[in-house]
Amino acid sequence: MAFSGYLADRYGPKMLLVAAVIDCVVFTMIGPTLAERSYPAFFASRAMMGIGIGCVQPCINSMASKWFPSYEKSTAGALYTTGNQLASSFTSFFVAELCASSLGWPSFFYFFGGVGLLWSVFWIIFVTNSPQDNRWTGEQEKEFLEREVLSRKQKDMLVRQGLPIRHLLFNRTMQAIYFCQFAFSLCAVIMQSFLPTYFKDHLFLPIHLNGLYNIAPFFTQIVSKNIAAILSDYLKKRELVDSDTLVKFFQGCGSIGVSIILFLLAWLPSCENPAVALYLLSAYVAPQYSGTISSISTGYATVASLAGPNIIALIDYLDLPNKWLIVFGLCATIQFCAGCFFICFGQAKIQPWAQPKDSIDLTTAEK
């Protein structure tokens, strides 16, 4: 992930994303064979699979930056990240059914590998790095996107200027984005991985209700983020609200709102009133955040994904009381701080260091 976003921005994300998915497909489909023969080999295959996974989100974001005008990017981002919630909520049902079938547990490795192969075929046929190269796109749409989206000569010019790595890493606006990504990912991994344990150990929830409670936050995320994204793009396109105000409002509502929900989730539900958890989880929503920035942001997300399980493990090891109060309280505090930091320093406008240098002529850059 550390280099995939930069490569996607400079050379195009199409084939890089194909290579990433094929990596995932291969190591997924050989998984059962390796698992039966060698644990170290299976473990190594999962590590190699991570190389492909790390390229996916930066490549998708880089592709979106070339295909959507700025006033449609919120909607586009909400739509193409909806798969995250669909996968998180429904995959367990498919896995359970396949495991219970006569095909056994190896079948879901082959099933998801096959889905990846099918996706790759459609992607190679229909997708190009830019609208101008796509034979499936009409001339009117190409002209529209050429006007509204960063043009090739501008891209060439930015390549000549080099990568402002210091600003990308240490600029306060960038740090606000990364902090929010860290906070979101920390909460996401705990929600995805440990909600069933919370329901079982803290709420003593019957197993037949576990699936409903697990789906609740992911379903409401799909609904809320798409509504918020469409509303945001509507306001931006009609210039009814300043773009900086919009991003601060939505990110602030997302982060601080999640913080409040997590605090309530830690204090209110109990084995006597587990339904409170369902209502709170239904209110649980979190925002989702092109290329190089996405790579750095994904790095923060990965650190958070590693930290989440280890925090749980440390609390278990120390045998601390009020385990879930500590977990949800910590996540809520981080979300609240991230939201406040973004409200103070987050911006939607292009940063001065990311603007094309006046000394570079576009016609010269095009040559």
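By the naming in an unreviewed UniProt entry, the protein chain is Major facilitator superfamily (MFS) profile domain-containing protein, taken from Mesorhabditis spiculigera. The Subcellular location (unreviewed entry) field of the UniProt record for the protein chain holds the comment "Membrane".

We now examine the packing of helix α2 (residues 14-29) against helix α7 (residues 106-126). Viewed as axis vectors pointing N to C, α2 and α7 meet at an angle of 160°, and their least axial separation amounts to 8 Å. Judged by the angle between their axes, α2 and α7 are roughly antiparallel. In this structure, α2 meets α7 at a crossing whose hand is left-handed. Contacts between α2 and α7 pair K14, L17, V18, V21, I22, V25, T28 and M29 from the former with F109, Y110, G113, G114, G116, L117, W119, S120, W123 and I124 from the latter.

Attention shifts here to the nonpolar core. A general feature of soluble globular proteins is that nonpolar side chains tend to end up buried together. L186, Y198, L262, W324 and F328 are the most contacted members of the largest nonpolar core, which has 33 residues in total. When residues of this core are traced back to their parent elements, those giving at least two are α11 (172-201), α13 (243-267), α15 (292-318) and α16 (323-345). Considering each element in turn, this core owes the most residues, 16 residues, to α11. Each residue touching F328, except ones within four places of it in the same chain, is listed here: M191, Y198, L262, L265 and A266. In this structure, V18, M63, W67 and V127 belong to the second largest nonpolar core, which totals 14 residues.

Attention now goes to the side chain of S259. Relative to the elements of secondary structure, S259 occurs in helix α13. On the accessibility criterion, S259 (2% relative accessible area) is buried. A distance of 2.7 Å separates the side chain of S259 from the backbone oxygen of A332, its partner in a polar contact.

This part covers unusual backbone geometry. The phi torsion at D319 lies on the positive side, around 55°, for a residue other than glycine. The residue D319 is located in the loop between α15 and α16 in this model. The exposure class of D319 is exposed, given its relative accessible area of 63%. We note that N322 has phi near 55°; this positive angle belongs to a residue other than glycine. You can see N322 is positioned in the loop between α15 and α16. Under the relative-accessibility criterion, N322 is labelled exposed at 53%.

Our next topic: the packing of aromatic side chains. Inspection of the entire model under this criterion finds 11 aromatic pairs. Ring geometry for W119 and W123: centres 4.9 Å apart, planes at 25°, overall stacked. With W119 and W123 both in helix α7, this residue pair falls four residues apart, about one helical turn. The rings of F42, W105, F108 and F109 are connected pair by pair, giving a single aromatic cluster.

Note on placement: R147 falls in helix α8 (residues 139-148). Sequence separation between R147 and P69 is 78 residues; the distance between their C-alpha atoms is 9.0 Å.

Turning our attention to the pattern of salt bridges. A complete count under the given rule lists two salt bridges for this structure. E139 serves as the salt-bridge partner of K142, at 3.7 Å between the closest nitrogen and oxygen. Separated by three residues within a single helix, K142 and E139 lie in helix α8, roughly one turn from each other. Given a relative accessible area of 53%, E139 falls into the exposed group.

Rules used throughout
- For every chain, the first residue of its written sequence is number 1, and the numbers climb from 1 along that sequence.
- For a predicted model such as this one, the threshold for reporting local features is a pLDDT of at least 70, and the threshold for listing and counting side-chain atom pairs is 80 or more; totals across whole chains, interfaces and linings nevertheless cover every residue.
- Computation of side-chain values covers all heavy atoms of the structure but excludes hydrogens and water.
- UniProt positions are given in the numbering used here, feature names are shortened, and annotations may be inferred rather than shown by experiment.
- Only the contacting stretch of a helix is used when fitting its axis, a line to C-alpha atoms as for every element, and angles between N-to-C directions run 0 to 180 degrees.
- Counting from the N terminus, the helices are DSSP H or I runs at least four residues long and the strands are E runs at least two residues long.
- Oblique is the label for any angle not covered by the other classes, which are roughly parallel (under 35 degrees), roughly antiparallel (over 145) and roughly perpendicular (65 to 115).
- Each crossing gets its handedness from the near helix: less than a right angle anticlockwise from the far helix is left-handed, clockwise is right-handed.
- What makes two residues a contact is simply this: any of their non-hydrogen atoms within 4.5 Å.
- Nonpolar cores are built from buried Ala, Val, Leu, Ile, Met, Phe, Trp, Tyr and Cys residues. Side-chain atoms within 4.5 Å join them into one set.
- Burial classification: accessible surface area is computed with a 1.4 Å probe over protein chains only, and a residue below 20% of its type maximum counts as buried, one above 50% as exposed, and the rest as partly exposed.
- Counted as a polar contact is a pair of N or O atoms within 3.5 Å, where, for protein atoms, one must be capable of donating a hydrogen and the other of accepting one, and residues adjacent in sequence contribute only when both atoms are in side chains.
- Two rings from Phe, Tyr or Trp (for Trp, the six-membered ring) form a pair when their centres are within 6.5 Å of each other. A pair whose planes differ by under 30 degrees is stacked, one over 60 is edge-to-face, and the rest are tilted.
- Throughout this description, the term salt bridge denotes a Lys or Arg side-chain nitrogen within 4 Å of a carboxyl oxygen of Asp or Glu.

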